[in-house]
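Topology and contacts: notes
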Amino acid sequence: MNVELRHLRYFIAVAEELHFGRAAQRLNISQPPLSQQIQQLEQEIGAQLFTRTNRSVQITPAGALFLQDARGILLQVEQASRRAARVHTGQEGELRIGFTSSAPFTGLVSDALYQFRQRWPQVHIQMQENNTRQQLAPLHDDRLDLGVMRNTPLPSDLQHRVLLREPLCAVVHWAHPLADAESISIQALANEPFVFFDPQGGTALYGEILALLHRYQIKPFITQEVGEAMTILGLVATGLGVSILPASFRRARLADVVWIPLQESDAISEVWLVWSATREPTAQMTNMMSLMLQNAEN
């Protein structure tokens, strides 16, 4: 069967006008081709849609049923076209973002998510919490569109932009002897019991902070190893040790924890926005990237 959308439009015009001349004028075509198109349509579907006399055109019962379906088909096509256009321009669709546990504590990331939701409420944002290492394969395999992670070596098919360079701080219990200091050298932590990340956890902060300690010839005395930064904060709050974490985690506001700036200029951590270098960014990706990078510049 070879029924085209134009056949449906021609048929609907004739059915609504019940006059081939008026329908032809409405469609901006001449009457003979319109009559031929309706005849072809009837032959294709195997049913008479109109009864014709010299004085009138009447729709048949089959034509009345076909009219309902034809209108529904054209409406579906119109709706599908609008949805496709909205997805193409980033007004609808899906955006899959991987993020580390620290990302929600980073103001520019949370602000960008809020701004995106206000501007494009019809886009479904799927957030997936993964540490830095766990985001790399999904970004490569197109299971994630964007990744928000800490600085780490990337494979050649991924590219990044720096969103934030933030200071690393010492984290101690409120009753610790260092708690009243305005700032300290990292050397002040050399002999302290550390609450630190599990080396098997995959977080980039593990290697980043350990490298910082090693640069200053400090081998930390690690007494507790856990998977998440919030667990580290919880254990520091109980007095089980000290730690070093990015300043953005201060937004957690634990009452028993004190944050102390480190004096070393290289005691910093970067937050990256990462995406595939081999795929064309969608409009949804481009819109989110623009918001995040604009917030990073401000």
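Identification of the protein as DNA-binding transcriptional regulator, LysR family from Candidatus Pantoea symbiotica is taken from an unreviewed UniProt entry. Listed in UniProt under the heading Sequence similarities (unreviewed entry), the comment for the protein reads: "Belongs to the LysR transcriptional regulatory family."

This part covers the UniProt feature "domain: HTH lysR-type" (unreviewed entry) in the protein. UniProt feature "domain: HTH lysR-type" (unreviewed entry): in the numbering of this structure it lies at residues 3–60. Here residues 3–60 runs as 62% helix and 10% strand, with 19 Å between its end C-alpha atoms.

Mapped onto the fold, N287 is located in helix α9 (residues 283–297). Judged by relative accessible area, N287 falls into the buried class, the value being 17%. Look past the residues within four positions of N287 in its chain and what remains in contact with it is T89, G90, F116 and W120.

Core analysis: the biggest nonpolar cluster contains 38 residues, and L189, I244 and L245 have the highest contact counts within it. When residues of this core are traced back to their parent elements, those giving at least two are β6 (158–173), β7 (193–197), α7 (204–215), α8 (229–237), β9 (243–246) and β10 (257–261). With six residues, α8 is the largest single contributor of residues to this core. I125, L146, V148 and L293 belong to the second-largest nonpolar core, a separate cluster that totals 23 residues.

Quick notes on the rules
Residues numbered from 1 in each chain as written. Predicted model: local features only at pLDDT ≥ 70, side-chain atom pairs only at ≥ 80, totals over all residues. Heavy atoms only, no water. UniProt positions renumbered as here; feature names shortened; annotations may be inferred. Helix = DSSP H or I, 4+ residues; strand = E, 2+ residues; numbered from the N terminus. Buried < 20%, exposed > 50% of the residue type's maximum accessible area, 1.4 Å probe, protein only. Contact = heavy atoms within 4.5 Å. Core = buried A, V, L, I, M, F, W, Y, C linked by side-chain atoms within 4.5 Å.

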